[in-house]
Structure formats: C-alpha cells, structure tokens
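# Understanding the architecture of this molecule
These are the residues of each chain, in order.
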Amino acid sequence: MVKAAAIGDRLIGQIGDFGPLFEYTVKLVLLASFFELVLYRLVSRLGMHLSKMAATHPWITPVFTTLTEVGAWLLNIVAVLLFLGLILAMALRVLRYEPSRLVKGGTASAALLLLLTLAFLFVQPGMLGAVIYNSLALLTLALFVAEYLITHQERAQRILVGTYFLGIFGWLYYQIVSTIYSLSGTVAAPPLVYESHRAGEALMVVASIFVFAAYGHGLSLRTKNRRQRARAIAFWATTGVIFTTLLFTDYWLDSFDPALASAIRQASQGIGWIFQFGMGYTFYLPFALYIAGLLCWAYTVVKLLMMGRVAGYGLGLMFIAGYALMFSNLTLMVVLGIMLLTLDRMKPVVAEPLAAPNGRLLRGSEGLLVKEA
C-alpha cells in the first residue's frame with residue numbers, strides 16, 4: 001500500500017522564523033502600542049474626567065500631565081516602529097512567498113499608504129486628503145483580507161477576519177461618506193452613516209469574541225486531559241459568572257438599592273466616555289458583551305504570544321488600535337496586524353520517501369508517489 005507522509009500540520013507562522021530584526025520590531029510595536037493605549041488614549045482621558053477633583057487633590061494634575069507626556073512620547077515611538085515593521089513585513093511577503101497578483105496588489109497598496117502618511121506629515125491633508133487616505137486604507141485592508149480568506153481554509157478564522165473587516169468598514173464608510181458630504185457642502189444627510197457606525201461597533205465586539213473560536217483552542221470540556229479540563233472549567237465558570245453578573249447587575253441593584261444603582265450608572269458613563277474617546281466604543285450594547293470580548297481576546301492573544309505565533313501579535317495590534325481610527329498610526333497598526341495574520345499560515349502538504357515492505361523505495365515526484373523500477 002502506498003502511503004504519503006504529510007507534514008502540512010506544521011506551522012510556519014512562528015515569530016522567530018522571520019529573523020531577529022522582524023521579531024524584535026514586532027514585539028516592540030506590540031509592547032509600545034499597549035502602553036500608548038493605556039497611558040495616552042485612556043489614562044489621559046481619565047485625567048480630563050477628574051478635572052473637578054484636581055481642585056481638592058493637587059497631585060492629580062502633575063501625575064496625569066506626566067502620564068500624558070509619556071504617552072505622547074510613546075505615540076511617536078509607535079509610529080517609527082510601525083513604519084519599520086510594515087517595511088519588513090512587505091519585504092518578507094515579496095521574498096518568502098510567490099508574488100501573486102493579490103500579494104503584489106496588497107503590498108503596493110500598503111507601500112502607497114506609507115508614502116501618503118509621510119507626505120501628510122509635511123502637507124496638511126484637508127478633507128480631500130482624508131477621503132483619499134481612508135479610501136486607500138480600505139482598499140489595502142480589502143486586499144489583505146481577500147488574501148487571508150484564500151490562504152486560510154478554517155471556517156472560524158474566515159468568519160473572524162470577515163467580521164472584523166466589516167466592522168472596520170463601518171467606521172471607514174462613516175468617515176469617507178461624511179467627509180465627502182461635508183466637502184461638497186450639501187445639507188442632505190449622508191446615507192446610512194450612523195447605521196454603519198453602530199453596526200461596525202457591534203461587529204467589532206462580535207469579532208473580539210470570535211477570536212477565541214478561531215485561535216483560542218485548548219479549553220474544550222470534552223478533553224480527557226485532567227489539567228486541560230480543570231483549566232477549561234475554571235475559565236468558563238469565571239466567564240459565565242462575570243457575564244451573568246454584569247448582564248443583570250443593573251436590574252438587581254435597581255431592585256434593592258436604587259441610589260447605588262444610579263451611582264454605578266454614572267460611573268459607567270464616565271468609563272464609557274473614556275473608552276469612546278480612547279478607542280471609539282460608545283458602549284451602546286450591553287456592557288457584558290464588551291467584557292466577554294475582552295476576556296476572549298486577552299486569553300487568546302496571551303496564549304498565542306506564549307506559543308510565539310505571529311497571529312498573536314497581529315490580533316493584538318488589530319484590537320489595540322480600537323474601533324475609531326482617528327490617527328494614521330492606528331490605521332497603520334490595523335494594516336500591520338492583518339499582514340501578520342496573513343504570514344501565519346500552514347506549510348503545504350508534501351510527501352517524503354518511504355520504504356516499502358519489500359525494500360524498494362517510494363519516491364515523490366511533483367506531489368505524487370511513484371514506485372521506483
């Protein structure tokens with residue numbers, strides 16, 4: 001009987017497979033982006049929210065001013081690292097894989113986006129420049145998503161990337177169409193801009209939950225491994241308790257203590273205001289869904305990072321950028337994240353020589369096994 005030795009289950013998406021320069025650049029991008037998110041986009045907004053308390057607590061102003069300055073400094077570092085990471089990723093795509101038309105198109109579009117970002121550092125883009133930039137970003141993401149859907153056959157991964165792209169599309173459509181209407185000076189309301197904005201945020205939250213289904217394997221309750229089963233029980237029990245508690249907290253508190261419920265609502269509005277300005281989430285959906293997405297995303301990214309998977313860095317950057325891509329560095333962060341996901345793929349199935357029972361060799365020739373005469 002003729003048997004083939006398939007080694008297609010071996011991943012080539014390890015971060016160390018692409019050289020030390022690319023590895024440490026991507027690691028620094030993710031680390032600096034995370035601290036920029038916390039210190040600049042979130043903590044600085046928290047300082048603005050606590051401006052009334054600064055009159056009675058003098059330490060608030062200098063502390064948050066320092067954190068904001070550090071965050072702004074990190075913003076510049078992230079921008080430089082993003083440029084380097086994108087250049088290295090584009091070079092790897094061209095050198096390591098066959099440059100198909102789709103690969104060439106995505107790489108050329110990303111290169112043009114980088115050049116446009118550099119040009120806008122010296123020339124004010126204005127509304128027309130914003131339309132061109134967002135349209136080019138949308139085209140670049142569409143090309144990378146199309147490549148991902150072709151090269152990745154697992155359904156959960158396809159659903160994840162498709163849902164994420166539709167979420168970002170909702171934001172970019174809102175920005176492009178609104179800016180075009182403002183540029184034309186028309187007083188008519190742009191079609192479906194607010195609906196697309198809200199639908200995009202909902203899809204982003206759903207995508208953060210789908211991350212676990214696509215890449216967070218290993219928490220199945222059906223496993224026979226006791227340690228993995230105990231880990232799965234602990235994770236799902238904790239997630240279920242948190243989700244249920246958050247989903248019904250407002251109802252329970254309003255029933256037992258309306259004053260406490262009102263105070264918690266005001267505090268949640270402040271948190272929502274911070275995240276709206278920092279990441280673009282308006283929290284119009286149940287708060288439990290956002291927490292569920294955060295837990296699924298955090299667990300999966302940490303697991304992939306510990307495994308050294310390129311996908312972990314890509315998913316980390318994609319969601320750290322947030323929903324509202326107000327700055328060019330956030331757009332480049334999403335582009336680099338999608339590019340890293342395309343680099344995380346399976347090796348093609350190949351055959352290796354096997355020995356037949358009678359001692360004759362079975363060799364592979366162009367993917368087929370033949371019997372040596």
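Residues numbered from 1 in each chain as written. Predicted model: local features only at pLDDT ≥ 70, side-chain atom pairs only at ≥ 80, totals over all residues. Heavy atoms only, no water.

What follows covers the overall build of the protein. Tallying secondary structure elements over the protein gives 11 helices and three strands in all. When the helices and strands of the protein are listed from N to C terminus, the series reads α-α-α-α-α-α-α-α-α-α-α-β-β-β. Taking all contacts inside the protein whose residues are at least 6 apart in sequence as the whole, residues at least 24 apart take part in 72%. (Helix = DSSP H or I, 4+ residues; strand = E, 2+ residues; numbered from the N terminus. Contact = heavy atoms within 4.5 Å.)

A general trend in soluble globular proteins is that nonpolar side chains are found buried together. Grouped together as the largest cluster of nonpolar side chains are 76 residues, with contacts concentrated most on Phe 22, Tyr 164, Tyr 215, Leu 315 and Leu 340. With 11 residues, the top contributor of residues to this core is helix H11 (residues 328-343). Beyond its immediate sequence surroundings of up to four residues, Phe 22 is in contact with Ile 15, Gly 85, Leu 88, Ala 89, Leu 92, Leu 340 and Leu 343. (Core = buried A, V, L, I, M, F, W, Y, C linked by side-chain atoms within 4.5 Å. Buried < 20%, exposed > 50% of the residue type's maximum accessible area, 1.4 Å probe, protein only.)

Once that is clear, we can look at the packing of helix H5 (residues 155-184) against helix H6 (residues 193-215). Interaxial distance between H5 and H6 falls to 7 Å at its minimum, and their mutual angle equals 160°. By the criterion of interaxial angle, the relationship of H5 to H6 is roughly antiparallel. By crossing handedness, the relation of H5 to H6 is classed as left-handed. (Axes fitted to C-alpha atoms, helices over the stretch in contact; angles between N-to-C directions. Parallel < 35°, antiparallel > 145°, perpendicular 65-115°, else oblique. Left-handed = near helix turned anticlockwise from the far one by under 90°.)

What follows concerns the environment of Ser 184. On the secondary structure map, Ser 184 appears in helix H5. When its relative accessible area of 54% is taken as the criterion, Ser 184 is described as exposed. Within the structure, the side chain of Ser 184 is placed 3.0 Å from the backbone oxygen of Tyr 181, a separation counted as a polar contact. (Polar contact = N/O pair within 3.5 Å; in protein donor to acceptor, adjacent residues only side chain to side chain.)

Applying the stated rule across the entire model yields four salt bridges. Notably, a salt bridge pairs Glu 147 with Arg 93, separated by 2.8 Å at the nearest N-O pair. Residue Glu 147 is found in helix H4 (residues 126-151), and its partner Arg 93 is found in helix H2 (residues 60-96); the two are separated by 54 residues along the sequence. (Salt bridge = Lys/Arg side-chain N within 4 Å of Asp/Glu carboxyl O.)

Here we come to the side chain of His 197. Here His 197 shows up in helix H6. Each residue touching His 197, except ones within four places of it in the same chain, is listed here: Gly 170, Trp 171, Tyr 174, Thr 282 and Tyr 323.

A separate point is the environment of Gly 312. With respect to the helices, strands and loops of the structure, Gly 312 is situated in helix H10 (residues 310-320). When the C-alpha atoms of Gly 312 and Trp 297 are compared, they prove to be 9.8 Å apart, with 15 residues separating the residues in sequence. Apart from residues no more than four positions distant in its own chain, Gly 312 is found in contact with Val 301, Leu 304 and Leu 305.

The next point concerns helix H3 (residues 101-122). Owing to its 3.6 residues per turn, the α-helix aligns residues three or four sequence positions apart on the same side. With 22 residues, H3 should reach 32 Å at 1.5 Å per residue; the first-to-last C-alpha distance of 32 Å fits that figure. At its buried positions, H3 is contacted by H2, H4 and H11. (Expected span 1.5 Å × (residues − 1).)

With respect to the secondary-structure elements, Thr 163 resides in helix H5. Residue Thr 163 is classed as buried on the basis of its relative accessible area of 10%. Once residues within four sequence positions are removed from consideration, Thr 163 is found in contact with Leu 203, Val 206, Ala 207 and Phe 210.

Here the focus is a nonpolar patch on the surface. Taken together, the side chains of Leu 112, Leu 115, Leu 118, Leu 121, Phe 122 and Val 123 make up a nonpolar region of the molecular surface, amounting to roughly 670 Å² of accessible area. In this fold, Leu 121 is placed in helix H3. On the basis of relative accessible area, Leu 121 is assigned to the exposed category, the value being 62%. (Patch = residues over 30% accessible without salt bridge, like charges linked within 9 Å, V, L, I, M, F, W, Y side chains within 5 Å. Areas by Shrake-Rupley, 256 points an atom, 1.4 Å probe, with all protein chains shown as cover.)

What the rule picks out here adds up to 12 aromatic pairs. Ring centres of Tyr 164 and Phe 319 lie 5.3 Å apart, and the angle between their planes is 65°; this geometry places the pair in the edge-to-face category. Of the two residues, Tyr 164 is situated in helix H5 and Phe 319 in helix H10; the sequence distance between them amounts to 155 residues. Judged by relative accessible area, which is 2%, Tyr 164 ranks as buried. You can call Phe 319 buried: its relative accessible area is 7%. Ring centres 5.8 Å apart and planes at 40° place the aromatic pair Trp 171 and Tyr 174 in the tilted group. Residue Trp 171 and its partner Tyr 174 are located together in helix H5, separated by three residues, close to a single helical turn. Within the aromatic cluster, the residues linked to one another by ring pairs are Trp 171, Tyr 174, Tyr 194, Tyr 281, Phe 283, Tyr 290 and Tyr 323. Positioned above the aromatic ring of Tyr 284 is the side chain of Arg 198, whose terminal nitrogen or guanidinium carbon lies 4.5 Å from the ring centre. (Phe/Tyr/Trp six-rings, centres within 6.5 Å; stacked < 30°, edge-to-face > 60°. Lys NZ or Arg CZ within 6 Å of the ring centre and 35° of its normal.)

So, on to the packing of H10 against H11. When two helices pack together, you describe them by how their axes are tilted relative to each other and by the distance separating the axes. H11 packs onto H10 with a crossing angle of 155° between their chain directions and a minimal axis gap of 8 Å. Judged by the inter-axis angle, H10 sits roughly antiparallel to H11. Once H10 is placed against H11, the crossing between them reads as left-handed. Packed against H10, whose contacting residues are Val 310, Ala 311, Tyr 313, Gly 314, Leu 315, Leu 317, Met 318 and Ile 320, the element H11 presents Met 333, Val 334, Leu 336, Gly 337, Ile 338, Leu 340, Leu 341 and Leu 343 at the interface. Here the contact of H10 with H11 is composed, by residue class, of 14 nonpolar, two polar and no charged. (Nonpolar A, V, L, I, M, F, W, Y, C, P; charged D, E, K, R; others polar.)

Another aspect to go through is the confidence of the model for the protein. Across the protein, the average pLDDT comes to 79, with 74% of residues at 70 or higher. This stretch, residues 1-11, has a pLDDT under 50; its non-local contacts, to residues over four places away or in other chains, come to 26 contacts. Predicted confidence is poor over residues 346-373, with pLDDT under 50, and the contacts of this stretch with residues over four places away or in other chains come to 41 contacts. (pLDDT = per-residue confidence, 0-100.)

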